[in-house]
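Observations on the model geometry
Take a look at the letters that make up each chain.
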Amino acid sequence: MATARPVVSIYNFENPSEKTGTMPMPVVLQSPLRPDLVREVHRDMAKNKRQAYAVKPKAGYDTAAASWCTGRAVARIPRAPGGGTHRAGQAAFGNQARGGGMFNPTTVWRRWHRRVNVTKKRHAVACALAASALPPLVMARGHKINQVAELPLVVSDGIQSLTKTKQAKETLKKLGCGEELQKVIDSKSIRAGQGKARNRRYVKRLGPLVIYNEDNGITRAMRNIPGVECAHVDRLNLLRLAPGGSFGRFVIFTEGAFKKLSDIYGTLKSGAPKKKGYTLPRAAMANADLARIINSTEVQSVLRPKMERYTHGIKRNALKSKELMEELNPGSTERRAVQLKSSQKGTPEYDEVQKKKKARIEESKKYNKEHKKGDETFYKTLMKAFEAKAAADAAKKAAEKADDEEDEE
Amino acid sequence: MAERYAISKVNVPEGAAVPELVKMKMEKEEKLAEEKKQALAAKQKAREEERAKLKERTVAYEKEYADTAAELVKLRREAKLNGNFFVEPEAKLIFVVRIAGIMKMSPKPRKVLQLLRLKQLHNGVFLKVNKPTLNMLKLVQPYVTYGYPSLKTVRELIYKRGFGKVSKQRIPLSSNDIISDALGKHGIHGMEDIIHEIYTVGPNFKQVSNFLWPFKLSSPKGGFVNKRHGYCEARGGDWGNREELINELLGRMN
């Protein structure tokens, strides 16, 4: 990560308020943070120290039980043979029977252990180390590091030669770990669950992990301090660096160990000298600042401008809304106004309409006078047709009557 | 397009130091706002011109409708005067409404109804009268009712229930811009243009009626007579061609 601190101070173990020197930050502590990877590797690694448990193979089946079959007014479950005892005739074998075997008996050939790829394990350790160098992550894990001068906390090599626990405790307190150690002591309580009866009576929180290069007594000095653990830098364990799968353990490095980190892990270019064929993990994104990327000129210059969305609102009916009608049909309001005026007495439009009406009536009268006069009015033509038919009917009747009279005669 | 730029106001408190990215954004937004203002002014001017033209066209259309009606009256009178018969002009425009539901539909009529865009009960479309469309209607006679809409019916349908097909979406015709964008290249820029093209079955009838989403009509107030039988049957019914009387039905369905 380009934004990591370049240099780490080394604190004098005898007088932790003074610095004895500085050291460049090893590249391993700048690895990308992958909580998912650490969780996955931890989950699988943690399964490897398990001891098998199972029921006895013959449990529930160590009888010569056989079903009585049908016809004896009892259920068909296998029953213990013989007589003379309560046990005789009792149900056996099934998981529902008293003294029978369990459903799906637990077996020792359950796959207890998991193998994890070596590279994955190494990446997880690098990731966990990087997390231990970041105060927010260490605090999030629950460690009390308010009084600690700096993370990563590097102490001069003298600490490796401590032999007395009392001295070790003093040193740690002077380094600012007092609150952390007190937290561990206060947290000791009886375990919830059956573990308390299985020699795992007490639980307490974890304190700092001290990583050393040369053990000149440090492990023995530190081992009785509750919560403190020691680890050799050559043999770092993910289960200690990321307990429970959560990275950000509070780690105290000795100067020698810190220097050795660069020797073990190397850089992204060189690879890891002490781990054959291994290079530290690379981040998926070189620049993870999305806001900056999006707002950069390189990106913005090829984007089209943001557009307003089309909003259509509620559909309104132009036949009801005069405003909308004017919008859709420009000029409709004034045409309508003219139309309305033409029915109001006294307006020029009204006079116009009346003039036209008068002219039409005149025309009609003239036409009628010309074409529909005398016998050609509507009524007369109608009656003419009727009378013609009436006359024809009368003639026919007269003719019939004449025929009848003739017949009579 | 520039008139639709979304300009976001960046709030900078008085006297505060402006971060670099915010400054860049502010400059960019200023430039876009300027472009937007100019585009809006140009759009306003174009809109006014367009509206003036549309007004003239509308007046011309009204005159055209009145003239054709008057012409027909004159011809009828002339024929009566001369003792001739006036042959009414055959209808050019049909409005088809789907009467039948979607259940238990035979494949052939189902396909024809899909082709006519009558996919739902009481959907209606305008149709040009020609041999192919008449043959299609023959196939779906018992499932539709159709007739010759009057100008009033056409206007009311389009104003009240007119929706357009804009990038495959059903958009209400709430503004002439929508029509202009879609049909401008055919010379149709407003509602009255659409009505004229539909009613007089102009050269761009296909484009206009395809632009119009199929009309979703209400059930007729007062009900149907009997959807199972034909309109022309003695016992009374609803399906088939009811010529001019479609206007009465549409008045109740619109």
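Residues numbered from 1 in each chain as written. Chains lettered and ligands numbered in written order. Predicted model: local features only at pLDDT ≥ 70, side-chain atom pairs only at ≥ 80, totals over all residues. Heavy atoms only, no water.

1. A word on the pattern of salt bridges
Tallied over the entire structure, the rule returns 20 salt bridges over all chains. In this structure, the salt-bridge partner of Lys63 of chain B is Asp67 of chain B, at a minimum N-O distance of 3.1 Å. In this pair, Lys63 of chain B and Asp67 of chain B are both assigned in helix α1 (residues 20–81), four residues apart and thus about one turn of the helix distant. Under the relative-accessibility criterion, Lys63 of chain B is labelled exposed at 54%. Three or more residues are tied together by salt bridges with common partners; here these are Glu229, Arg240 and Arg249 of chain A. (Salt bridge = Lys/Arg side-chain N within 4 Å of Asp/Glu carboxyl O. Helix = DSSP H or I, 4+ residues; strand = E, 2+ residues; numbered from the N terminus. Buried < 20%, exposed > 50% of the residue type's maximum accessible area, 1.4 Å probe, protein only.)

2. Some points on the interface of chain B and chain A
With 34 residues of chain B at the contact, the number on the chain A side is 25 residues. Carbon and sulfur atoms make up 58% of the area that chain B and chain A hide from each other, which totals about 2,800 Å². Contact with chain A buries area across many residues of chain B, yet Arg4, Arg51 and Tyr159 of chain B alone supply 24% of it, more than any other trio. At the junction of chain B and chain A, the tally comes to three salt bridges. Glu334 of chain A serves as the salt-bridge partner of Lys55 of chain B, at 2.9 Å between the closest nitrogen and oxygen. (Contact = heavy atoms within 4.5 Å. Buried area = accessible area lost by both parts, 1.4 Å probe.)

3. Concerning the confidence of the model for chain B
Residue and element names in this part refer to chain B. Here chain B averages 94 in pLDDT, while 100% of its residues score no lower than 70. Summarising per-element confidence for chain B, the mean pLDDT is lowest in α1 (92) and highest in strand β1 (residues 93–98) (98). Under the prediction, the complex receives an ipTM of 0.87, its pTM being 0.67. (pLDDT = per-residue confidence, 0-100.)

4. A word on the side chain of Ser296 of chain A
Its place among the elements puts Ser296 of chain A in the loop between α8 (290–294) and α9 (297–300). Of note is the side chain of Ser296 of chain A, whose polar atom sits 2.7 Å from the backbone oxygen of Ile293 of chain A. (Polar contact = N/O pair within 3.5 Å; in protein donor to acceptor, adjacent residues only side chain to side chain.)

5. Structural notes on the pairing of strand β5 (residues 169–172) of chain B
Look at any regular strand and the pattern is simple: side chains alternate between the two faces of the sheet. Residue and element names in this part refer to chain B. Pairing geometry for strand β4 (residues 163–166) and β5, over four bridges, is antiparallel. Counted as the bridge partner of Gly164 is Ile171 from β5. Taken together, β4 and the strand that follows it, β5, pair antiparallel across an intervening segment of two residues, in which Ser167 is found at a positive phi of about 40°. (Pairing = 2+ DSSP bridges.)

6. Let's talk about a negative patch on the surface
A surface patch of like charges, here negative, comprises Glu400, Asp403, Asp404, Glu405, Glu406, Asp407, Glu408 and Glu409 of chain A. A residue is classified by how much of its surface remains accessible, and Asp403 of chain A, at 43% relative accessible area, is partly exposed. (Patch = residues over 30% accessible without salt bridge, like charges linked within 9 Å, V, L, I, M, F, W, Y side chains within 5 Å. Areas by Shrake-Rupley, 256 points an atom, 1.4 Å probe, with all protein chains shown as cover. Lys, Arg positive; Asp, Glu negative; His and termini not counted. Charge placed at Lys NZ, Arg CZ, Asp CG, Glu CD.)

7. A closer look at the pairing of β1 of chain B
All names here are of chain B. In terms of burial, β1 is a largely internal element, six of the six residues being buried. On β1, burial covers both faces: Leu93, Phe95 and Val97 on one face and Ile94, Val96 and Arg98 on the other are all buried. One ladder, built from five bridges, connects β1 with strand β2 (residues 123–128); its direction is antiparallel. Across the sheet, Val97 pairs through a bridge with Gly124, a residue of β2.

8. Some thoughts on the sheet that holds β2 of chain B
All names here are of chain B. Strand order in this open sheet of five strands is β6-β2-β1-β3-β7, and the pairing throughout is mixed. Both edges of this open sheet fall to β6 (215–216) and β7 (240–241), since each of them pairs with a single strand only. Examined bridge by bridge, strand β3 (residues 144–147) and β7 share two bridges and lie parallel to one another. Each residue of the ladder has a partner; that of Tyr146, found in β7, is Asn241.

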